[in-house]
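Observations on chain architecture
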Amino acid sequence: MTGSMAKAIRVGVALAGLALLAACGDSESTDKRGYTKSPLESPGIIIRPEKPSVMNSLGTPIMPTLEVIPPPKDSTPARKS
């Protein structure tokens, strides 16, 4: 490698490193629109959960059980059209 080519590579690597450092982090913003920052930094609306109802005291509903019905041994798969 020639000296000027090595220097160009070093400069390119340094610029890429600086661009990477500049891309990291979240700078402060004066924008007050509400969607430019995550909600945890400045929460606006806080939604309260509903109060427990009578339905909550009933517990988990009874769900139907799944029965696996094996195909007959002499069956053939469906034809593709």
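Heads up: these notes are all about the structure in this document. What you see is a predicted model; the values in this text were computed from it and never measured. (Residues numbered from 1 in each chain as written. Predicted model: local features only at pLDDT ≥ 70, side-chain atom pairs only at ≥ 80, totals over all residues. Heavy atoms only, no water.)

**A short note on the overall build of the protein chain**
Assigned secondary structure in the protein chain consists of two helices and zero strands. In the protein chain, which comprises 81 residues, the proportion classed as buried is 1%. Roughly 8900 Å² of accessible area belongs to the protein chain as shown, and the carbon and sulfur atoms make up 64% of that amount. (Helix = DSSP H or I, 4+ residues; strand = E, 2+ residues; numbered from the N terminus. Buried < 20%, exposed > 50% of the residue type's maximum accessible area, 1.4 Å probe, protein only. Areas by Shrake-Rupley, 256 points an atom, 1.4 Å probe, with all protein chains shown as cover.)

**Some details on a nonpolar patch on the surface**
Taken together, the side chains of V11, L15, L18 and L21 present a nonpolar region at the surface, about 420 Å² in accessible area. As for its position among the elements, V11 is in helix α1 (residues 3-23). Judged by relative accessible area, V11 falls into the partly exposed class, the value being 44%. (Patch = residues over 30% accessible without salt bridge, like charges linked within 9 Å, V, L, I, M, F, W, Y side chains within 5 Å. Salt bridge = Lys/Arg side-chain N within 4 Å of Asp/Glu carboxyl O.)

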